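The lines below spell out each chain.
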Amino acid sequence: MVGVLSFYRTTIGKKVIMAITGGIWVLYVMLHMFGNLKFFQGAEAIDGWAHFLRTFGQEVVGYEGVLWLVRIVLVVSLVLHVWMAWQLSRLSWASRPVKYSRRRWLAADFSGRTMRWGGVFIAVFLVIHIGQLTTGALLNGFQEGEVYRNLILLFSNNLIAAFYILMMIVLALHLNHGIWSLFHSLGWNTYPSKSLKHRLCQLVAIAVPLGFALVPISIVLMGVMNV
Amino acid sequence: MNLTLNVWRQPNANAPGRFVTYPVNDISPDMSFLEMLDIVNEGIVHQGEDPIAFDSDCREGICGICGIVINGIPHGGKASTTCQLYMRHFREGETLTLEPFRARPFPVLKDLIVDRTALDRIMSAGGFISASVGSAPDGNDMLVPKNNAEAAMNYAVCIGCGACAAACPNGSAMLFTGAKVAHMAELPQGQPERYQRVVAMLSEHDELGFGSCTNHGECSAVCPAHIPMSAIARINRELTQAALRGYSSATA
Ligand code: HEM
Ligand code: FES
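Owing to the predicted nature of the structure, the values given are computational and were not obtained by experimental measurement.

Calculation notes
Residues numbered from 1 in each chain as written. Chains lettered and ligands numbered in written order. Predicted model: local features only at pLDDT ≥ 70, side-chain atom pairs only at ≥ 80, totals over all residues. Heavy atoms only, no water. Contact = heavy atoms within 4.5 Å. Buried area = accessible area lost by both parts, 1.4 Å probe. Salt bridge = Lys/Arg side-chain N within 4 Å of Asp/Glu carboxyl O. Polar contact = N/O pair within 3.5 Å; in protein donor to acceptor, adjacent residues only side chain to side chain. Nonpolar A, V, L, I, M, F, W, Y, C, P; charged D, E, K, R; others polar. 1 Å grid on protein atoms, 1.4 Å probe; cavity = no way out; pocket = protein on both sides within 12 Å on 5 of 7 lines; lining within 4 Å. Points joined across faces, edges and corners; volume = space filled by probe spheres on them. Helix = DSSP H or I, 4+ residues; strand = E, 2+ residues; numbered from the N terminus. Phe/Tyr/Trp six-rings, centres within 6.5 Å; stacked < 30°, edge-to-face > 60°. Lys NZ or Arg CZ within 6 Å of the ring centre and 35° of its normal. Axes fitted to C-alpha atoms, helices over the stretch in contact; angles between N-to-C directions. Parallel < 35°, antiparallel > 145°, perpendicular 65-115°, else oblique. Buried < 20%, exposed > 50% of the residue type's maximum accessible area, 1.4 Å probe, protein only. Arc of directions from axis to C-beta. Left-handed = near helix turned anticlockwise from the far one by under 90°. Pairing = 2+ DSSP bridges.

Attention shifts here to the interface of chain A and chain B. Of the residues lining the interface, 40 residues belong to chain A; the matching set on chain B comes to 49 residues. Interface area lost by chain A to chain B is led by Ile12(A), Tyr100(A) and Leu106(A), which between them contribute 17%. Our enumeration of links across chain A and chain B arrives at 0 salt bridges. On inspection of chain A and its partner chain B, the count reaches 28 residue pairs in polar contact (both at pLDDT 80 or more). Looking at the side of chain A that touches chain B residue by residue, the classes come out as 17 nonpolar, 15 polar and 8 charged.

Structural data, given as structure tokens:
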């Protein structure tokens, strides 16, 4: 226990916490994206999926029990993730009081260099997203349990659809570095860059946000084609 | 060749510094970078001014003392030491900005010279193997599997120049510390102190004010010894295992 406590105080310990909590979120967004694809099977499929998420295991933990368990794990993970990101970022800023007059990058790519800003955008997005599609406080005409209808309602506004698509690009960038980096932080070498291991991480990082983006994209297209 | 140098001049650790421009003419492309600086300094001394202070010793890429940030890249971006750079690596008429390594644990002493005692402090914390020094042991009385020997050697080639920390956007010396930890974790002689070592060295690294790694790979890209990023994955794993085994900075 002593070991684990002082582990948390090290820069590596904090990074490992970021990796585990980031990894939990990656698993969650994969499942979430899979669920969203049921949109393309029609209203019954996706509304049924939402219903299933609430009733799953209710004999044991009650209605929405599992859902709340998952939500708690996600919130705790996110708080830890952001908190560690903040602490480590501050250490990084403090470690170079005098900046270089010019900076040239040899290895770091755009997605790696935008991790902190990407995180900030994701945080803002999460608040808006939950307000619109979970609680409905930010969506006029929201109906609990009618996921299909709510999605059509939300994305019939092209600006909101564009915002969601943009945010999925932001997520793809965060994950493009994040998933690859996560394994490295946990001690499994994923270098050199552009190796097969790196490419596999990138595949997941792009496929998941793309899957999410398909829903707003197709609703916008349906609107354009008047179907 | 003709060039323009834009050099960080700082009289001492406490004085403010600034960039000073020096035109450089008639340089042979076959000169080394440090020979070019020697010639520039002759001119400066001729004018009765203080020459540009920079570190060098072996000038063979072995000792690791030389280190200048050239146009934003420690050692100039050829994955060699600064002393192994040649003027043919640069373009005619180019402007070169020369700065010292910048990291909080590397205070500037003068001009381009920084104090890298911090790296020695990390080594003193655990970068060694305790052994009773009686008579010399027989050669080969402790066998090292070939794979381990080669892996250890790939990490042992670190010359401790500090370019990794200078290149890191987070001012982290994780490549250096990782190389030392990984080197000894590969060898049988390193096993008894394996977990104390990683805890002690990393704690020292953190206490000195180096930042944390974000796995960008800038360090490895400038490393004159080509230490791979696997050194960092390795130190992450070693520290995690040490924590799971109950080692802490108090016991190290
Ligand atoms: C909501 C606010 C968020 C903030 C402020 C944030 C911030 C950060 C920062 C600063 C890093 C470290 C970057 C680096 O080391 O280069 C990081 C890493 C990471 N993030 Fe996030 N992030 C957020 C949300 C998320 C979400 C929702 C996910 C997953 C879906 C995620 C997945 C990851 C992963 C996998 C890593 C890599 C961890 C590692 O390198 O060990 N993050 N995040
Ligand atoms: S002077 Fe020794 S490595 Fe450059």
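Further remarks concern empty space enclosed by the protein. Residues and elements named next belong to chain B. Per the counting criterion, the structure on display carries 5 cavities of 30 Å³ or more. Taken as a whole, the largest cavity holds about 110 Å³ of empty space. Surrounding the largest cavity, 15 residues form its lining, Cys158, Cys161, Cys164, Cys223 and Ile227 being those nearest its centre. Listing elements by their share of the lining of the largest cavity, those giving two or more residues are helix 4 (163–167) and helix 5 (174–185). Ranked by residues supplied to the lining of the largest cavity, first place goes to helix 5 with 3 residues. In terms of residue class, the lining of the largest cavity is made up of 13 nonpolar, 2 polar and no charged. When its volume is computed, the second largest cavity comes out at roughly 90 Å³. Secondary-structure elements contributing two or more residues to the lining of the second largest cavity are helix 5 and helix 7 (218–222). Each residue belonging to the lining of the second largest cavity can be placed in one class, and the counts come to 9 nonpolar, 6 polar and 1 charged.

Let's shift gears to the packing of aromatic side chains. Residues and elements named next belong to chain A. Scanning the model with the defined rule gives 17 aromatic pairs over all chains in all. Taking the centre distance of 6.1 Å and the plane angle of 75 degrees together, the rings of Trp86 and Trp93 count as edge-to-face. Between the aromatic rings of Phe125 and Phe163, the centroid separation amounts to 6.1 Å while the plane-to-plane angle is 50 degrees, which identifies the pairing as tilted. Placement of Phe125 in helix 7 (residues 115–133) and of Phe163 in helix 9 (residues 158–185) is noted, with a sequence separation of 38 residues between them. Taken together, Phe34, Trp49, Phe52 and Phe56 form an aromatic cluster joined through their ring pairs. One cation-aromatic arrangement involves Lys14 over Tyr8; the distance from NZ or CZ to the ring centre is 4.1 Å. Here the guanidinium or amino end of Arg71 rests over the ring plane of Trp68, the centre of that ring lying 4.7 Å away.

Residue and element names in this part refer to chain A. The interhelical angle for the contact between helix 3 (residues 43–55) and helix 8 (residues 147–155), taken along N-to-C directions, is 110 degrees, at an axis separation of 7 Å. Looking at the two axes, helix 3 sits roughly perpendicular to helix 8. Within the contact between the two elements, helix 3 uses Ala43, Ile46, Asp47 and Ala50 and helix 8 uses Val147, Tyr148 and Leu151. For the contact of helix 3 with helix 8, the per-class residue count stands at 6 nonpolar, no polar and 1 charged.

So, on to helix 8 of chain A. Residue and element names in this part refer to chain A. Looking at helix 8, one finds that the buried residues are Asn150, Leu151, Leu154 and Phe155. For helix 8, the angular spread of buried residues about the axis comes to 110 degrees, placing them on one side. Those residues of helix 8 hidden inside the fold are in contact with helix 3, helix 7, helix 9 and helix 10 (196–224).

Residues and elements named next belong to chain B. Running from N to C, helix 5 and helix 8 (residues 230–244) cross one another at 70 degrees; their axes reach a closest spacing of 8 Å. In terms of orientation, helix 5 and helix 8 fall into the roughly perpendicular class. For the pair helix 5 and helix 8, the crossing hand works out as left-handed. In this structure, helix 5 uses Met174, Leu175, Thr177, Gly178, Ala179, Val181, Ala182 and Ala185 to contact helix 8, whose residues at the interface are Ala231, Ile232, Arg234, Ile235 and Glu238.

This part is about the pairing of strand 1 (residues 3–9) of chain B. Residue and element names in this part refer to chain B. Within strand 1, 5 of the 7 residues are buried, which leaves the element mostly enclosed by the surrounding structure. Bridge count for strand 1 against strand 2 (residues 18–24) is 7 bridges, and the pairing is antiparallel. Across the sheet, residue Thr4 finds its bridge partner in strand 2, namely Pro23. Where strand 1 meets strand 5 (residues 95–99), 4 bridges bridge the pair, whose relative direction is parallel. By the bridge assignment for strand 5, Thr4 is matched with Thr95.

The next point concerns the side chain of His81(A). Residue and element names in this part refer to chain A. As for its position among the elements, His81 is in helix 5 (residues 65–94). Side-chain polar atoms of His81 contact the backbone oxygen of Met18, separated by 3.2 Å. In this view, His81 contacts Met18, Thr21, Gly22 and His174; residues no more than four positions away in its chain are not counted.

That is the geometry; function is a separate question.
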